[in-house]
Amino acid sequence: MAMNSIKIAPSILAADFGRLAEQVQLAQEAGADLIHIDIMDGQFVPNITMGPLVVEAVAKVAAIPLDVHLMIVEPDRFLKSFANSGAASITVHIEACAHLHRVLGQIDAFGCRPGVALNPHTPASALSEILDMAHIVNVMTVNPGYGGQRFLAGMTGKIRALRRMAGDMGRDIEIEVDGGINADTIKTAEAAGASIAIAGTCVFQHKMGIAAGIQELRRATAAKDADGDF
């Protein structure tokens, strides 16, 4: 795998919302590949965050793709609103969708890349019948709902399994790792087969600033690749 091949998607859940436009621009200027936006409804997860209006506001200042993650019940009710707000990709949870095949088809029809997320307790095998429809698989490496949690190391086996499943299908699916990402865990995630690292606290709350947070992640993966660990 090429040096620095893993993409970095800062999650605005950890941003200062009083300076959101500025912080998104700083992340973009520092080399972020995507902006990740966590949508929570207080029902599927124990927290409430934001909605389509925030996505629309971020879309006005971001020139990189917006990766929208719906941690909500009945996500099909809101797909069109998020697509119209500027989402490049929309990820829904398998646990929240009674008819996941239909929902992924709707996301695609609205012109967005369809993604599916797995909570820690859900095995990779749960996606065996619909993996051909997904462009993105989000592996939750924390229990969703709050930022700043510790990386669940046991999820690396799931990442490897999904990478094998995608390879067996001949598909280069993006595998996101979401939760507890820092300069140490990003190396673990990339080695397991992740291609996108979602990073919130270690970017937006880095003591030296947003650019330093992203650079620290880049250096961590570059050092690992140079050592021949992957």
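Keep in mind that what you see is a predicted model, and the values were worked out from it rather than measured. (Residues numbered from 1 in each chain as written. Predicted model: local features only at pLDDT ≥ 70, side-chain atom pairs only at ≥ 80, totals over all residues. Heavy atoms only, no water.)

(A) Spatial organisation of the overall build of the protein chain. If you tally the helices and strands in the protein chain, you get 8 helices and 8 strands. Since a compact globule built from 230 residues should have a radius of gyration of about 17 Å, the 16 Å found for the protein chain is in line with a globular shape. For the protein chain, the spread of C-alpha atoms along the three principal axes comes to 45 × 45 × 30 Å. Here the protein chain holds 230 residues, and 53% of them are scored as buried. In the protein chain, the proportion of contacts linking residues at least 24 apart, taken out of those at least 6 apart, comes to 65%. Accessible surface for the protein chain amounts to roughly 10000 Å². Of this, 50% is attributable to carbon and sulfur atoms. Positive and negative charge centroids in the protein chain, built from 18 and 25 side chains respectively, lie 2 Å apart. (Helix = DSSP H or I, 4+ residues; strand = E, 2+ residues; numbered from the N terminus. Rg over C-alpha atoms; globule rule 2.2 N^0.38 Å. Buried < 20%, exposed > 50% of the residue type's maximum accessible area, 1.4 Å probe, protein only. Contact = heavy atoms within 4.5 Å. Areas by Shrake-Rupley, 256 points an atom, 1.4 Å probe, with all protein chains shown as cover. Lys, Arg positive; Asp, Glu negative; His and termini not counted. Charge placed at Lys NZ, Arg CZ, Asp CG, Glu CD.)

(B) The sheet that holds strand β4 (residues 89–93), seen in detail. The sheet built from 8 strands is open, its strands ordered β1-β8-β7-β6-β5-β4-β3-β2 with parallel pairing. Edge strands, defined here as strands with exactly one partner in the open sheet, are β1 (7–10) and β2 (35–40). Here the average twist between neighbouring strands, direction ignored, is 25°. As judged from the 4 bridges shared by strand β3 (residues 66–71) and β4, these two strands associate in the parallel manner. In the sheet register, D67 faces β4, and the bridge partner there is S89. Across the face of the sheet, helix α4 (residues 100–109) comes into contact with β4 and β5 (113–118) while running at roughly 145° to β5. (Pairing = 2+ DSSP bridges. Axes fitted to C-alpha atoms, helices over the stretch in contact; angles between N-to-C directions.)

(C) Geometry of the nonpolar core. Within the largest apolar cluster, 68 residues are counted, with the highest numbers of intra-cluster contacts made by I12, I37, I90, V92 and L127. It is helix α5 (residues 156–169) that contributes the most residues to this core, 5 residues altogether. Apart from residues no more than four positions distant in its own chain, I12 is found in contact with F17, L20, V24, I35, H36, I37, M50, V54, V58 and F204. In this structure, M40, F44, M71 and A96 belong to the second largest nonpolar core, which totals 5 residues. (Core = buried A, V, L, I, M, F, W, Y, C linked by side-chain atoms within 4.5 Å.)

(D) The arrangement of α5 in detail. With 14 residues, α5 ought to run about 20 Å at 1.5 Å a step, and its terminal C-alpha atoms sit 20 Å apart, in line with that. Taken together, the buried positions of α5 are T156, K158, I159, A161, L162, M165 and A166. On its buried face, α5 sits against β5, β6 (136–140), β7 (174–178) and α6 (185–192). Trailing α5 by a residue or two, G170 shows a phi angle of about 75°, which is positive. (Expected span 1.5 Å × (residues − 1).)

(E) Looking closely at the environment of S85. Take S85: it is sitting in helix α3 (residues 79–85). Overall, the relative accessible area of 7% leaves S85 in the buried class. For the pair S85 and L66, spaced 19 residues apart in the sequence, the C-alpha separation amounts to 9.9 Å. With residues up to four places along the chain from it excluded, the contact list for S85 reads P52, V55, E56 and A59.

(F) Inspection of the side chain of Q23 at higher detail. Looking at the secondary structure, you find Q23 in helix α1 (residues 20–29). Every residue in contact with Q23, bar those within four places of it in the chain, is listed here: A15, D16, F204 and I210.

(G) Quick look at the pattern of salt bridges. What the rule picks out here adds up to 5 salt bridges. Here K7 and E174 are joined by a salt bridge, their closest N and O atoms 2.6 Å apart. Residue K7 is found in strand β1, and its partner E174 is found in strand β7; the two are separated by 167 residues along the sequence. In this structure E174 comes out as buried when scored by relative accessible area, which is 11%. One salt bridge connects E22 with R19, and the closest N-O pair in it is separated by 3.0 Å. (Salt bridge = Lys/Arg side-chain N within 4 Å of Asp/Glu carboxyl O.)

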